[in-house]
Each structure stands twice: as C-alpha cells, then as structure tokens.
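Here are the chains, one letter per residue:
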Amino acid sequence: MIPFLDLKQVNGRHAEAIHEAVERVLASGWYILGSELPRFEQAFAAFCEARHAIGVANGLDALTLSLRALGIGPGDEVIVPSHTFVATWLAVSHVGATPVPVEPVADGFNIDPARIETAITPRTKVIIPVHLYGEPADLEPILDVARRHRLRVVEDAAQAHGARYRGRRIGAHGDLVCWSFYPGKNLGALGDGGAVTTDDAELAERLHALRNYGSRMKYHHEVIGFNSRLDELQAAVLGAKLPFLDDDNAHRSRIAAQYTAALANAPLELPTIGSHRDAVWHLYVVRHPQRDELAARLRDLGVATMIHYPVAPHLQPAYAALGLQRGSLPLAEARQDQVLSLPMGPTQSADETARVISAVREALRAMAS
Ligand SMILES: *Cc1c(COP(=O)(O)O)cnc(C)c1O
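Quick notes on the rules
- Residues numbered from 1 in each chain as written.
- Predicted model: local features only at pLDDT ≥ 70, side-chain atom pairs only at ≥ 80, totals over all residues.
- Heavy atoms only, no water.
- Near = heavy atom within 4 Å.
- Polar contact = N/O pair within 3.5 Å; in protein donor to acceptor, adjacent residues only side chain to side chain.
- Areas by Shrake-Rupley, 256 points an atom, 1.4 Å probe, with all protein chains shown as cover.
- 1 Å grid on protein atoms, 1.4 Å probe; cavity = no way out; pocket = protein on both sides within 12 Å on 5 of 7 lines; lining within 4 Å.
- Points joined across faces, edges and corners; volume = space filled by probe spheres on them.
- Nonpolar A, V, L, I, M, F, W, Y, C, P; charged D, E, K, R; others polar.
- Domains from an automatic or database assignment.
- Buried < 20%, exposed > 50% of the residue type's maximum accessible area, 1.4 Å probe, protein only.
- Helix = DSSP H or I, 4+ residues; strand = E, 2+ residues; numbered from the N terminus.
- Pairing = 2+ DSSP bridges.
- Right-handed = clockwise from strand over helix to strand, strands pointing away.

1. Some thoughts on the site of the ligand
Right, on to step 1. Close to the ligand lie Asn58, Gly59, Leu60, Phe85, Ala87, Val130, Asp156, Ala158, Gln159, Ser180, Lys185 and Gly193, which account for all nearby residues.
Right, on to step 2. In this structure, leucine 60 approaches the ligand through a main-chain N or O atom, which is 2.9 Å from an oxygen atom.
Right, on to step 3. One nitrogen or oxygen atom from the side chain of lysine 185 is found 2.6 Å from an oxygen atom belonging to the ligand.
Right, on to step 4. Here the ligand has 380 Å² of accessible area as a free molecule, and 91% of this is covered by the chains.

2. Overview of the layout of surface pockets
Right, on to step 1. Estimates place the volume of the largest pocket at around 620 Å³.
Right, on to step 2. Phe85, Gln159, Tyr182, Lys185 and Tyr309 are the residues nearest the centre of the largest pocket, which is lined by 33 residues in total.
Right, on to step 3. Across the lining of the largest pocket, the residue classes break down as 19 nonpolar, 10 polar and four charged.
Right, on to step 4. Two domains each provide a minimum of three residues to the lining of the largest pocket, namely domain 1 (7-243) and domain 2 (245-368).

3. Thoughts on the pairing of strand β2 (residues 77-81)
Right, on to step 1. With five of its five residues buried, β2 lies for the most part within the structure.
Right, on to step 2. Burial along β2 is two-sided: Glu77, Ile79 and Pro81 facing one way and Val78 and Val80 facing the other are all buried.
Right, on to step 3. The pairing of β2 with strand β3 (residues 98-102) spans five bridges and is classified as parallel. Bridge pairing in β3 places valine 78 opposite proline 99.
Right, on to step 4. Traced from β2 through helix α5 (residues 87-94) to β3, the parallel crossover comes out right-handed.
Right, on to step 5. Of the pairings in the sheet, the one linking β2 to strand β4 (residues 124-127) comprises three bridges and is parallel in character. Paired with isoleucine 79 across the bridge in β4 is isoleucine 127.

Remember that the coordinates give geometry; whether it matters functionally is a separate question.
Here it is, written out as structure tokens:
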C-alpha cells in the first residue's frame, strides 16, 4: 500500500536532531515558557519574513486568540471561506461572532475576492482568507477590499508554511497570520502546536498576554486570557525541523509537477495555481464527479487517498443553527462531493508517485468502460 503520508518516515529523518532537542529540554528543567520558545519564535518569524511570532497551543487557538486580540465578539460578523477546514469557522464562533461564508473562485479552492464585497454588512469586522492546500489566496484584492471597508485581515495559513504571494512569504500580508504545527502539516510538531505571525508590535503584545492567562507579569492579569502556550519540547522539535522546510516544500512541488504532467490528459480535474503565487502543496487535490468510486478503486489498487473535506462547514450539525441548507453554497458543496487528495509528502519517492499515477490511470480506464 502506498500511504497517504508517512509521518514515521518524515520525522525519522530527523531522529538525531529531535533526540538532541528533547535531551536539551529535559536537562534544562524548564518545560513551559523557557528559552526554546523564543528561539523558535525568532527563527519562525524570520522564515515568514514577519517581525513577530507568538507560539500558541494549536492552530485553532491561533485563530481564536487573534480574533480576541482584535476585539471581535458577539454581534460582529467575520467573512470566512465556504470551502475550508471547520476550524476557520470554529474560531469565529468561539469569540461569539458569526461566520459569514463566501464561495471559492470558480476554477479553484480559495475564497473569491470578487464575492467578498456583497457579503459585507455594517457588522463585518474581519476577513479570514485561508491558503487552502498550500496555495495562497489572492491577497491583493482581499487587502484592498478590507482597506476600503476598514476591515481587519486574519490569514489562516495552517496549510501554507513557506508559501509566497508576489514573491513575499506568507507571514505578514494581513494584520495577523495563523499557523498550525499539527503533525501532518508542512511543518509539524510531535503533537499539537501553533503560532501567530505579524508585523504589528501592539497586537503581538496582546497575543503574548492572551496566551498566558492575560498576564505579562506573573500573577498580574490585564485581560481574561487563556492557557495556550507552545511548550518547550514542541518548540525545540520544530526548531530542529525548520531548516529542512524549504527542501521539503521543493520536494512536494516536484511531486505535484509529476502528477500534473502525467495526468494532464486524464478525465480528471487537476489543481491549478493562481498567478503571482508559490504554492507549497500541502495537498494535491483532484476533482471527479464519481469521487467515491475513484477512491475505492485506488484503495483496491493499493493507493491511500483522503477527502479534504467530506462535509462543508455549513452542512455540519454544529452549524445547523445558521439555517444554511444544501443548495445554499453550491460551489462549496460541489467541492465537498468531488475532491480527492492523492498521496503527498516530503518522503514520497518518484517511484511511489509513478505508481500512484499508473493506479489513477487504471482506475479511470475501468470507470470509463
Ligand atoms: C489544521 C488546520 C487548522 C487547525 O489547526 P490545529 O492545530 O489542528 O488546531 C485550521 N485551519 C486549517 C485550514 C487547517 O488545515
């Protein structure tokens, strides 16, 4: 079986550096808010071409604390993509605001900037573009509409470590940029982790307090904060892995190019990347009207696939109260029904990619006859 993503192999390559990092933390006697976290925060901020990075417990917290730092709460509306992982919406709900979905571009997966303006009301405060599957959203028109309506932009970059928009790294185009270090992400910890990057020193200060009980000085609490720190072990492991991220992303790009070249004439919709963007291929997502049959045939041929995501946020029981029935967001629903993610990862060999390609061709042939 060709695995979807072999995390044991991904982290096994760094076993020595990881053991060294763990030993260092063990010996230090500091396990929360020690010296490993600021060291990683500095390295990650530099990598993202941002002034500040604030480590937090996970990607959902990065988003929730960011909205909290901007003062978003009950009565406010936040524009989110209709097609995304549910966490983008959950963060909005956790601060008491209302997620307002906007459909993706017709030929892709990211939020359509041209559809944002009609979703803006007097209650709208923030736009959250998501750089889904590793492809940056079209930030320039999004930042432009935000400026004209005095809205903040919080980027969900949980799938886009290392990506570029108009030559500049994702990391500080918007007001706050949110990251996840969940193990399966392009930069993954050995557990949960997250961060926020920004060029705004005042927002960075607020996030430092929010992640640590609303406190900047021990036992003095300025705001009603959270316990959401990136711990020393995860920070040390992430610091050991960060130097390899660009090479890993280059490897992912080669796999994507191999898929795209070999499947160009197959009866299958392949992913395309918008102009001015360098994608990091967190996922390689194809579309097919008989997606479930294609996935089943690939499994029988020894190829693992996944679906990102099988149920759009507005159709989840958690969001039943919004009253958005099937048919209300047709582009998100078409993607939910048609997307299939092929194997992708930094240790996937060219031979494995070739075997996936042969299996896809064989499955499609069988389905056509
Ligand atoms: C993974 C992910 C999150 C949440 O990150 P966690 O660290 O798992 O909480 C949010 N948004 C997107 C797009 C993600 O892929």
